[in-house]
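An overview of the molecular structure
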Amino acid sequence: MSDLSYILNKNIVYHQPTDAFRGGMDAILLGMATPLIRCGYALDVGCGAGAVGLIYAHFTPATVRIDAIEKSHTFCNYALKNVRANGCEGRLHIRRADIADLLPKAREKYDIIMTNPPYDPPCMGTPSKNPLKHIAHRETTADLNIWLQFCIQSVKTRGIVTMIHKMHRMPHILQYLSPVKVSIKAMPIITKAGEDPNRILVQIRKGLQSPFVMKPPLVIYDGDTYTDTAHHILHGNTRIRW
């Protein structure tokens, strides 16, 4: 299997490990749900091979600087490879770091933060024997609470954090954000109409207090094909609107 693939209707060249977690739909949905800015600073927390940052760079001008943090040395190398393959040097900056170590020094710098944290707590299920799959799927040094603390501390007041996560973690997200002055919107993601949602997009605006808003769900498939809405989003033609 080649490490080369393409995303957004082949507008983005994307290399990723062949024997590890393969980023795909979740990264595209997150990238297409993150609000665009014309200038300022954006951050991708837990960037993996860099898909979300690449998508954000594709839709924003050069006046937006995008930083990306990733713990895994292997994923960082792939992210750097993808930056070069897409001509994003000087726009998308990859840093190898553990957010658990960065949290004490986190400061309000970013206008936009996008993040796809590991979905499962350490106690859930059977850990993968593949270290890259393990770090991509399972919380290790930074649990969801630490992850959210880092994002909230790093985003400016009135800035926005956009996250994709598993639906069953939504109560934890609300719990961990309860001490903070934020407004929260959420959009369930449903594989097919009539099924329960298995993912959820969450938009968090810092410094505003307003009632929680649950948006209508995004349905991905109609039978064996994408719904029209999902097709346009996944091909980069339509952004997710909040």
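Above this text sits the structure in question.
What this report covers is the structure whose coordinates are included nearby. (Residues numbered from 1 in each chain as written. Predicted model: local features only at pLDDT ≥ 70, side-chain atom pairs only at ≥ 80, totals over all residues. Heavy atoms only, no water.)

1. Re the pattern of salt bridges
- What the rule picks out here adds up to 7 salt bridges.
- With a closest N to O distance of 3.8 Å, Asp-98 and Lys-71 form a salt bridge. You can see Asp-98 sitting in the loop between β5 (92-96) and α4 (99-102) and its partner Lys-71 sitting in the loop between β4 (64-70) and α3 (73-85), a full 27 residues away along the chain.
- For Asp-98, a relative accessible area of 13% gives the class buried.
- One salt-bridge network, in which partners are shared between bridges, spans Arg-65, Asp-67 and Lys-109. (Salt bridge = Lys/Arg side-chain N within 4 Å of Asp/Glu carboxyl O. Helix = DSSP H or I, 4+ residues; strand = E, 2+ residues; numbered from the N terminus. Buried < 20%, exposed > 50% of the residue type's maximum accessible area, 1.4 Å probe, protein only.)

2. Observations regarding the packing of aromatic side chains
- Scanning the model with the defined rule gives 1 aromatic pair in all.
- Judged by centre distance (5.2 Å) and plane angle (25°), the rings of Tyr-221 and Tyr-226 are stacked.
- The class for Tyr-221 is partly exposed, based on a relative accessible area of 27%.
- Residue Tyr-226 is classed as partly exposed on the basis of its relative accessible area of 33%.
- Just above the ring of Phe-59 sits the side chain of Arg-239; from NZ or CZ to the centre is 5.0 Å. (Phe/Tyr/Trp six-rings, centres within 6.5 Å; stacked < 30°, edge-to-face > 60°. Lys NZ or Arg CZ within 6 Å of the ring centre and 35° of its normal.)

3. Observations regarding the pairing of strand β3 (residues 40-45)
- Of all 6 residues in β3, 5 are buried, a share of seventy percent or more.
- Across 6 bridges, the pairing between β3 and β4 is parallel. Note on β4: the bridge partner recorded for Ala-42 is Ile-66.
- Handedness of the crossover joining β3 and β4 through helix α2 (residues 51-59): right-handed.
- In the sheet, β3 pairs with strand β6 (residues 110-115) via 4 bridges, with the strands oriented parallel. Of the residues in β6, the one forming a bridge with Ala-42 is Ile-112. (Pairing = 2+ DSSP bridges. Right-handed = clockwise from strand over helix to strand, strands pointing away.)

4. Digging into the nonpolar core
- With 44 residues, the main nonpolar core has Leu-29, Tyr-56, Ile-66, Leu-201 and Ile-240 as its most contacted residues.
- With residues up to four places along the chain from it excluded, the contact list for Ile-66 reads Ala-42, Gly-53, Tyr-56, Ala-57, Thr-60, Arg-91, Leu-92, His-93 and Met-114.
- Of all hydrophobic cores here, the second largest spans 29 residues; its members include Ile-69, Ala-97, Phe-150 and Ile-200. (Core = buried A, V, L, I, M, F, W, Y, C linked by side-chain atoms within 4.5 Å. Contact = heavy atoms within 4.5 Å.)

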